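# Structural features, examined
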Amino acid sequence: MSRPQPFAGDAMSPPALDFGYAPADTLARQLADPRVLAVLGFGDADAPAIDDPRWLRIRLRPLQAAPAPIEVWRSTAPVRCGRDGDIAWSTDGRLLFGALEIDEGDEGIEAAATRAYARMGAFVAASDTPHLLRIWNYMDAITLGEGDEERYRRFCVGRVAGMDALDTARLPAATAIGRHDGVRRLQLYWLAAREPGLPLENPRQVSAYRYPRQYGPQSPSFARALLPPAGAAMPLLLSGTAAIVGHASQHSGEVQAQVDETLANLDSLVATARHQGAMLPVALGAGSLLKVYVRDPEDAPAVAARLEERLDPAVPRLLLHAQVCRRELLVEIDGVHGPAPA
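Here we take up the pattern of salt bridges. Under the counting rule described, the total for this entry stands at 29 salt bridges. For Glu-110, the salt bridge identified is with Arg-154, shortest N-O distance 2.8 Å. Of this pair, Glu-110 sits in helix H2 (residues 109-125) while Arg-154 sits in helix H3 (residues 151-162), and the two are 44 residues apart along the sequence. Judged by its relative accessible area of 28%, Glu-110 is partly exposed. Across the pair Glu-308 and Arg-317 runs a salt bridge, and its minimum N-O distance is 3.1 Å. Connected via shared salt-bridge partners are Arg-59, Glu-101, Asp-103, Arg-179, Asp-181 and Arg-185.

Listed below in structure tokens is the structure:
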């Protein structure tokens, strides 16, 4: 068992982090790089057994014929890593990657979320990187259940119960997505930093934490996007984004129209970040990285075609089979956006 220890010198410089996709057959080479903070793989097929805390397998099936890439988070400083009980972690002294899995058992998703968020919160608070920037939450069957017994609604209740306090001015960016694997295990991973980022909201949407009661007893608790700490060489962090305007879902049953609305929301977030003074390209491009969650695999060709029409060909993207947190929503996109690589 180990915990992140204080760094000297370079840890006090502003953080820097690059997000990119790489061929899956470069996994060993990526993990051999001492500057790599995390590597994410997708799906279950041919999953390598690697006991490196920086390696995390996300059990969402890629929707593409070619081998799915891996996602690589690369720092500019040497990284240390280890495990503290059920938490895998890595840090360069300025940024912290962490991952945690909690089995639901007989208690269900609400209790699992409470335990997971309490565990994550205590771990991060005790580190030199106490400010959460970004969280990803993956769970099985996210929309199973009726009314307030829906699993996503129970997750939202449990998430807040596990927090020390709900401070809407300090909420991280986040994604909550459903798997199709039948495994009742909540999987979290996160990015934290020495200094806080700046949460952003979308002027086209009601803030998720202000949703009306019709969406459940506890509103979702996340920011629509987050600008990294001041001076950081990092991209804008984009939360899971779907075809929602105000607080209402749009274009029921029309997957390409939902893609268009989702891209309009992402464009709005980029514009909001630029209004805050962020030096970002106006449009998604080579410095962006997207994960595209598609509810029905039969919709994948239509989603891919619309993205091909709408996006710069340089935008890296990966389509994954996943459930969005509302049954009528067919697609969701999250990712990062920054300047093109030099």
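What follows covers the sheet that holds strand E12 (residues 198-200). Taken together, seven strands build an open sheet; the order of strands is E4-E18-E17-E19-E14-E13-E12 and the sheet is mixed. At either end of the open sheet lies a strand with only one pairing partner, and these are strand E4 (61-62) and E12. As paired elements, strand E13 (residues 225-227) and strand E14 (residues 236-241) share two bridges and run antiparallel to each other. What sits directly across from Ala-225, in E14, is Leu-238. Running at roughly 150° to E14, helix H4 (residues 255-275) makes contact with E12, E13, E14 and strand E19 (331-337) of the sheet.

A positive phi angle, near 50°, is found at Ala-141, a position not held by glycine. The topology assignment puts Ala-141 in the loop between strand E9 (131-140) and H3. Taking the relative accessible area as the measure of exposure, Ala-141 reaches 12% and is therefore buried. Although it is not a glycine, His-251 sits at a positive phi angle of roughly 60°. Following the sequence through the fold, His-251 ends up in the loop between strand E16 (248-249) and H4.

With that settled, consider the pairing of strand E10 (residues 173-179). Moving residue by residue along a regular strand, the side chains alternate between the two faces of the sheet. Within E10, seven of the seven residues are buried, leaving the element largely enclosed by the surrounding structure. Neither face of E10 is left uncovered, since the one carrying Ala-173, Thr-175, Ile-177 and Arg-179 and the one carrying Ala-174, Ala-176 and Gly-178 both have all their residues buried. Here seven bridges tie E9 to E10, and the two strands are oriented parallel to one another. Within E10, the position partnered with Arg-134 by the bridge is Ala-173. Chirality of the crossover, the property in question, places the unit of E9, H3 and E10 among those that are right-handed.

Criteria and thresholds
Residues numbered from 1 in each chain as written. Predicted model: local features only at pLDDT ≥ 70, side-chain atom pairs only at ≥ 80, totals over all residues. Heavy atoms only, no water. Salt bridge = Lys/Arg side-chain N within 4 Å of Asp/Glu carboxyl O. Helix = DSSP H or I, 4+ residues; strand = E, 2+ residues; numbered from the N terminus. Buried < 20%, exposed > 50% of the residue type's maximum accessible area, 1.4 Å probe, protein only. Pairing = 2+ DSSP bridges. Contact = heavy atoms within 4.5 Å. Axes fitted to C-alpha atoms, helices over the stretch in contact; angles between N-to-C directions. Right-handed = clockwise from strand over helix to strand, strands pointing away.

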